[in-house]
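Listed here are the chains, written in short residue letters.
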2 protein chains.
Amino acid sequence: MVEISHVSPLAPASGFPALAEISGLQFAALAAGIKYKGRDDVMLAVAGDQSVVAGTFTKSATRSAPVLDCEIKLELAKTAGPVAIFVNSGNANAFTGGNGLRSVERITAEVARVTHVPQSRVFTASTGVIGEVLPDDRITERISDLAGMLAPDQAERAARATMTTDTYPKGAQATVDLSEGPAKIIGFAKGSGMIAPDMATMLVHLFSDVKIAQPRLQEMVGRLTDQTFNCITVDSDTSTSDTILVVATGEGPKVSNSDEAAFETALHQVMLDLAHQVVKDGEGATKFVEIRVEGAVDNASAKTVGLSIANSPLVKTAIAGEDPNWGRIVMAVGKAGEPADRDKLSIRFGEIEVAREGWVANDYREEDGAAYMKNADLLITVALGMGAGAASVWTCDLSHQYITINADYRS
Amino acid sequence: MVEISHVSPLAPASGFPALAEISGLQFAALAAGIKYKGRDDVMLAVAGDQSVVAGTFTKSATRSAPVLDCEIKLELAKTAGPVAIFVNSGNANAFTGGNGLRSVERITAEVARVTHVPQSRVFTASTGVIGEVLPDDRITERISDLAGMLAPDQAERAARATMTTDTYPKGAQATVDLSEGPAKIIGFAKGSGMIAPDMATMLVHLFSDVKIAQPRLQEMVGRLTDQTFNCITVDSDTSTSDTILVVATGEGPKVSNSDEAAFETALHQVMLDLAHQVVKDGEGATKFVEIRVEGAVDNASAKTVGLSIANSPLVKTAIAGEDPNWGRIVMAVGKAGEPADRDKLSIRFGEIEVAREGWVANDYREEDGAAYMKNADLLITVALGMGAGAASVWTCDLSHQYITINADYRS
């Protein structure tokens, strides 16, 4: 396995934020020795009796045992009560046959026994190697220790325990003023820096102290996932294990009807921040790129066109090479399968108009485009001229380092 | 622009075949100086009065002017008559606004004037740089010269004139015994080795001496394209200019009803051979990979799953690294959006059973998989266990050389 020692050049300069404590919420992490040596690889979060939980998961047809277990439990957990989340790194517990669900069963039973959270409200996520049976005995024998370490100020340590080969931990937070007072939202994510021998599983954990009905939270999380984590792509590949869980402990202010928009805006901000951090830790990433599509027939069409551009290897290699290659963007629009008309298509790099209504813009100069492409943060706007649909997606470039990470080692 | 001087390691050892002459068919090529220096860059093929023509084209919404012109003409050319095909390399005449169709008009008018083929039966294709106006005056002033050079034995020279940065010319042929006697099929293709600053446009030209009704030929070509050229992928990107044209001169044996299956089989063989040669000239390719999907709910589902695997950057980089990383194949099956069940999924590398019914196969040894992956020709079989649908698709690996070709130059 290749060890990537450096931190992504796109990592936030400010480092991991000092996450606020959330009333009713505690974390713990320790080193259970599942695969990695000398670092934390399991984490536990426990939220109090007033909590609700919402979530979204990978749509993969070969999704992992923990995801299958979470999906069922989430269907049943529509009311308030205690919630536990257990995560291990180093082993994805995916494609492990019947062993997979048996491991989940043993782990969640032990977490339930120790924490007194009903097993039906104990959620798990696993990330790491695929196809190896999870050594769940190494986990279950440490769950008492883990529970004994629970404390409100351990969020960063918990976040770090979920990392695989991420080059940095990803955290974000917000406060929002509701009618009953200020509410907090914190979250952390891992993803996109994974190496051997699998894919960039994304795990996202978000917590708030608000009081909110589970169905409202679930609806909001589904909608926001579509605008954030489902709008990012590193390499178009979808993990078997992607998991987003949001817990509201219910010990802070209530989200009244009039507060809902403000709370959703704040949650959106935290989710988008984490989503961007995941892209910025994309394997081999040297550029962070927003693809903004305007003038599509509707928003869904705009997103499809955006992802066609963001996933195109030819576009992504051009960006890696700092090449203002707008012809490849035309190509990626064309292949998206959405309504488009060459003679209405315009493209901008930042503020620079590159192509206008089906041809290179009159006053576009190649050297201006080339200079713009040297930026680490890029905005590429594609105006289709077909309607009012718009969407943004975020991606990174496709560099030699991606190939090095994913090809140049023997598992 | 990077010049790639070496020939793909996957090129046929036997070189370009000595293509048979086809009664009623002549070729010519010369250097018109469109972009390249010191090499042929235009070619003309003219077929006699009994000819029919069929074709398929890119489905891109931003397809090039020559493609748009060909589509219209093909709709109208349902009967026998003379046919001309003109191709230039070095400039794609794509995304050139209204100039594009005006250039096609001027070129096809001049070809018609000189060859006496009706303009409505003069087809063109262009491949090369996107977004630059085609210098059609350099072409039209040489069409008389080109027509003066027409000869039955110039197929290879014509094939070479259509190349852009292909590392070798691609030809194939077959003979097939029909009731009235032996028929010939020849063809050549360019594609997948293109560099600056666009994508791997694929142009395919096939010729036969058979007598066949145009609608029957068109139907056959559509069906065979789906099984051949539409089953290959280098990087999932779709050109604005992909064109397949098939001309039957009608001067050889008739394809009677009882001959149709034999003729279709022979045409399929030539098309598949050319399709494989295009993949083998894929940018940076070091491995030629067949992905065979069995047990899907239907053939279309099998093809979708196959393309999901064949287009996955994580699968393709693993192949480049000779890594028997079956976990990534599980992932790519899962993300395809087609019916699949982890616990029915089996995977074979060549004859080696790697995974069986949702888990690593009992007697699979990693060193066997690793040894197999050292081959240049790979067969990966995925059995879904859902039904009787099957399909094969063909791809190459994703190597450092792909990034070098597509990123490490400034246009």
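Residues numbered from 1 in each chain as written. Chains lettered and ligands numbered in written order. Predicted model: local features only at pLDDT ≥ 70, side-chain atom pairs only at ≥ 80, totals over all residues. Heavy atoms only, no water.

**Regarding the overall build of chain A**
Let me state the cut-off plainly: Strands here are runs of E lasting at least two residues and helices are runs of H or I lasting at least four, both read from the DSSP assignment and numbered beginning at the N terminus. C-alpha atoms define the radius of gyration, and 2.2 Å times the number of residues to the power 0.38 defines the globule rule. The cut-offs for exposure are 20% and 50% of the maximum accessible area for each residue type, with area from a 1.4 Å probe on protein chains only; residues under the lower value are buried, those over the upper are exposed, and the others partly exposed. Working rule for contacts: check all heavy atoms of both residues, and any pair within 4.5 Å makes them a contact. Shrake-Rupley sampling with a 1.4 Å probe provides the accessible areas, and residues are treated as covered by the protein chains on show and by no other component. Under the counting rule used here, the positive set is Lys and Arg, the negative set is Asp and Glu, and His together with the chain ends is not counted. To locate a charge, the coordinates of NZ of Lys, CZ of Arg, CG of Asp or CD of Glu are taken.
A count of helical and extended segments in chain A gives twelve helices and 16 strands. On C-alpha atoms alone, chain A measures out to a radius of gyration of 22 Å, which is about the 22 Å that the 2.2 N^0.38 rule sets for 411 residues. For chain A, the proportion of its 411 residues judged to be buried stands at 64%. Within chain A, contacts between residues at least 6 apart in sequence are counted, and of these 81% link residues at least 24 apart. Only carbon and sulfur atoms are counted for the fraction: they give 49% of the accessible area of chain A, which is about 13,900 Å². In chain A, 36 side chains carry a positive charge and 52 a negative one; their mean positions are 3 Å apart.

**Considerations on the relation of the copies chain A and chain B**
Our working definition: Superposing copies: least-squares fit, C-alpha atoms only, residues required to have pLDDT of at least 70 in both.
Note on the identical chains: chain A maps onto chain B by a rotation of 180° and an axial translation of 0.0 Å, with an RMSD of 0.0 Å. What the rotation and shift describe, once combined, is the action of a two-fold rotation axis. When C-alpha positions in chain A are compared against the rotation axis, the closest is assigned to His400 of chain A, at 3.0 Å. Both copies contact each other with a shared surface, as 100% of the interface residues of chain A are interface residues in chain B too.

**With respect to the pattern of salt bridges**
Just so we agree on the cut-off: The term salt bridge refers to a pairing of a side-chain nitrogen on Lys or Arg with a carboxyl oxygen on Asp or Glu at a separation within 4 Å.
Considering all chains together, one arrives at 40 salt bridges over all chains under this definition. Residues Glu367 of chain A and Arg365 of chain A are paired through a salt bridge, measuring 3.6 Å at the closest nitrogen-oxygen approach. When its relative accessible area of 44% is taken as the criterion, Arg365 of chain A is described as partly exposed. The partner of Asp40 of chain B in a salt bridge is Arg157 of chain B, and the shortest N-O contact between them spans 2.7 Å. Note that Asp40 of chain B is positioned in the loop between β1 (25-30) and β2 (42-47) and Arg157 of chain B in helix α5 (residues 155-161), a separation of 117 residues in sequence.

**What about the side chain of Thr233 of chain B?**
Residue and element names in this part refer to chain B. How we decide: Any pair of N or O atoms that falls within 3.5 Å is considered a polar contact. Within protein, one atom must be able to donate a hydrogen and the other to accept it, and sequence-neighbouring residues count only if both atoms are side-chain atoms.
Tracing the chain through its elements places Thr233 in strand β9 (residues 232-233). Within the local environment of Thr233, its side chain forms a polar contact with the side chain of Asn311, the two groups lying 2.5 Å apart. Apart from the residues lying within four places of it in its own chain, the contact partners of Thr233 are Leu307, Ala310, Asn311, Lys316, Trp394, Thr395 and Cys396.

**What to know about the packing of aromatic side chains**
Centre-to-centre distance and the angle between the planes together describe a pair of aromatic rings. Stated formally: Here a pair means two rings of Phe, Tyr or Trp (six-membered ring of Trp) with centres within 6.5 Å. Their orientation is stacked below 30 degrees between planes, edge-to-face above 60, and tilted elsewhere. Our definition puts a charge over a ring when NZ of Lys or CZ of Arg is within 6 Å of the ring centre and also within 35 degrees of the ring normal.
Using the criterion set out here, one finds eight aromatic pairs over all chains in the structure. Between Phe95 of chain A and Trp326 of chain B the ring centres are 5.4 Å apart and the planes differ by 55°, which places this aromatic pair in the tilted class. Taken together, the positions of Phe95 of chain A in the loop between β4 (83-91) and α2 (99-115) and Trp326 of chain B in helix α10 (residues 326-335) put the pair across two chains. Across the pair, exposure class does not vary: Phe95 of chain A and Trp326 of chain B are buried alike. Sitting over the face of the ring of Tyr36 of chain B, Arg39 of chain B holds its NZ or CZ atom 4.2 Å from the ring centroid. Note that Lys280 of chain B overlies the ring of Phe288 of chain B, its terminal NZ or CZ placed 4.6 Å from the centroid.

**Overview of the packing of helix α8 (residues 299-310) of chain A against helix α10 (residues 326-335) of chain A**
Residues and elements named next belong to chain A. Our working definition: Think of each axis as a best-fit line through the C-alpha atoms, taken over the contacting stretch in the case of a helix, with angles from 0 to 180 degrees between the N-to-C directions. The scheme is simple: roughly parallel for angles under 35 degrees, roughly antiparallel for over 145, roughly perpendicular for 65 to 115, oblique for anything else. Should the near helix be turned counterclockwise from the far one by less than a right angle, the crossing is left-handed, whereas a clockwise turn marks it as right-handed. Note on residue categories: nonpolar means Ala, Val, Leu, Ile, Met, Phe, Trp, Tyr, Cys or Pro, charged means Asp, Glu, Lys or Arg, and polar means any other residue, Gly included.
Interaxial distance between α8 and α10 falls to 8 Å at its minimum, and their mutual angle equals 130°. The angle between the axes of α8 and α10 places the two elements in the oblique class. α10 is crossed by α8, and the crossing has right-handed handedness. Between α8, through Val305, Ser308 and Ile309, and α10, the contact on the second element is made entirely by Ile329, Ala332, Val333 and Lys335. Of the residues belonging to the contact of α8 with α10, the class tally is five nonpolar, one polar and one charged.

**Quick look at the side chain of Arg342 of chain B**
In this fold, Arg342 of chain B is placed in the loop between α10 and β12 (346-349). Note on Arg342 of chain B: relative accessible area 8%, which makes it buried. Not counting residues within four places of it along the chain, the set of residues in contact with Arg342 of chain B comprises Ala61, Arg63, Ala65, Leu68, Phe95 and Gly97 of chain A together with Glu357 and Gly358 of chain B.

**Remarks on the interface of chain A and chain B**
Interface size is often expressed as the accessible area that is lost when the parts come together. What counts here: Buried area adds together the accessible area that both of two parts lose upon being put together, with accessible area traced by a 1.4 Å probe.
At the interface, 66 residues of chain A touch 66 residues of chain B. Of all residues in chain A, Phe95, Arg342 and His400 of chain A give up the largest surface area on contact with chain B, accounting jointly for 16% of the area buried on that side. Here chain A and chain B share zero salt bridges between them. Counting across the chain A and chain B interface gives ten residue pairs in polar contact (both at pLDDT 80 or more). Looking at the side of chain A that touches chain B, the elements with two or more residues in it are α1 (65-76), α9 (313-320), α10, β14 (359-360), α11 (366-372) and α12 (400-407) of chain A. The element best represented in the side of chain A that touches chain B is α10 of chain A, accounting for eight residues. For the side of chain A that touches chain B, the residue count by class is 29 nonpolar, 21 polar and 16 charged.

**A short note on the pairing of strand β5 (residues 122-129) of chain B**
Residue and element names in this part refer to chain B. So the rule is basically this: In short, DSSP must find at least two bridges between two strands for them to pair. By the criterion used throughout, a crossover qualifies as right-handed when its path from the first strand across the helix to the second strand runs clockwise, the strands pointing away from the viewer.
Of all eight residues making up β5, eight are buried, and the element is well covered by its neighbours. Sheet analysis places strand β4 (residues 83-91) next to β5, joined by eight bridges and oriented parallel. Residue pairing across strands places Ser89 opposite Thr127, the latter belonging to β5. Following the backbone out of β4, through helix α2 (residues 99-115) and into the adjacent parallel β5, one traces a crossover that is right-handed.

**Observations regarding the nonpolar core**
A general feature of soluble globular proteins is that nonpolar side chains tend to end up buried together. Condition: For this analysis, a nonpolar core means a set of buried residues of the types Ala, Val, Leu, Ile, Met, Phe, Trp, Tyr and Cys, connected via side-chain atoms within 4.5 Å.
One finds Phe263 of chain A together with Phe263 of chain B to be the most contacted residues of the largest nonpolar core, which totals 167 residues. Aside from chain neighbours lying at most four places away, what touches Phe263 of chain A is Val176, Leu178, Ile185, Ser208, Val210, Ile212, Leu217, Met220 and Val255 of chain A.

**Quick look at the environment of Gly90 of chain A**
Relative to the assigned elements, Gly90 of chain A resides in strand β4. The buried category is assigned to Gly90 of chain A, whose relative accessible area is 3%.

**What to know about the environment of Ser60 of chain B**
Mapped onto the elements of the fold, Ser60 of chain B is located in the loop between β3 (52-57) and α1 (65-76). Judged by relative accessible area, Ser60 of chain B falls into the buried class, the value being 1%. Setting aside residues no more than four positions away along its own chain, Ser60 of chain B makes contact with Gly334 and Lys335 of chain A together with Ser239 and Thr240 of chain B.

**Re the sheet that holds strand β1 (residues 25-30) of chain A**
All names here are of chain A. Strand order in the open sheet formed by four strands is β1-β2-β4-β5, with mixed pairing between adjacent strands. The sheet is open, and its two borders are formed by β1 and β5 (122-129), each paired with just one other strand. Averaged over all neighbouring strand pairs, the angle between strand axes comes to 10°, with direction disregarded. Strands β2 (42-47), β4 and β5 of the sheet are contacted by α2, whose axis makes an angle of about 135° with β5.

**Section: the packing of α12 of chain A against helix α12 (residues 400-407) of chain B**
Put simply, α12 of chain A and α12 of chain B touch, their axes get as near as 9 Å, and they point 175° apart. Considered as vectors, α12 of chain A and α12 of chain B are oriented roughly antiparallel to each other. Taking contact as the criterion, the partners of His400, Ile403 and Thr404 of chain A in α12 of chain A are, on α12 of chain B, His400, Ile403 and Thr404 of chain B. Each residue belonging to the contact of α12 of chain A with α12 of chain B can be placed in one class, and the counts come to two nonpolar, four polar and no charged.

**Quick word on the pairing of strand β6 (residues 170-178) of chain A**
All names here are of chain A. Here β6 pairs with strand β7 (residues 181-190) via nine bridges, running antiparallel. Paired with Gly171 across the strands is Phe188, a residue of β7. Adjacent in sequence and paired antiparallel, β6 and β7 are bridged by two residues.

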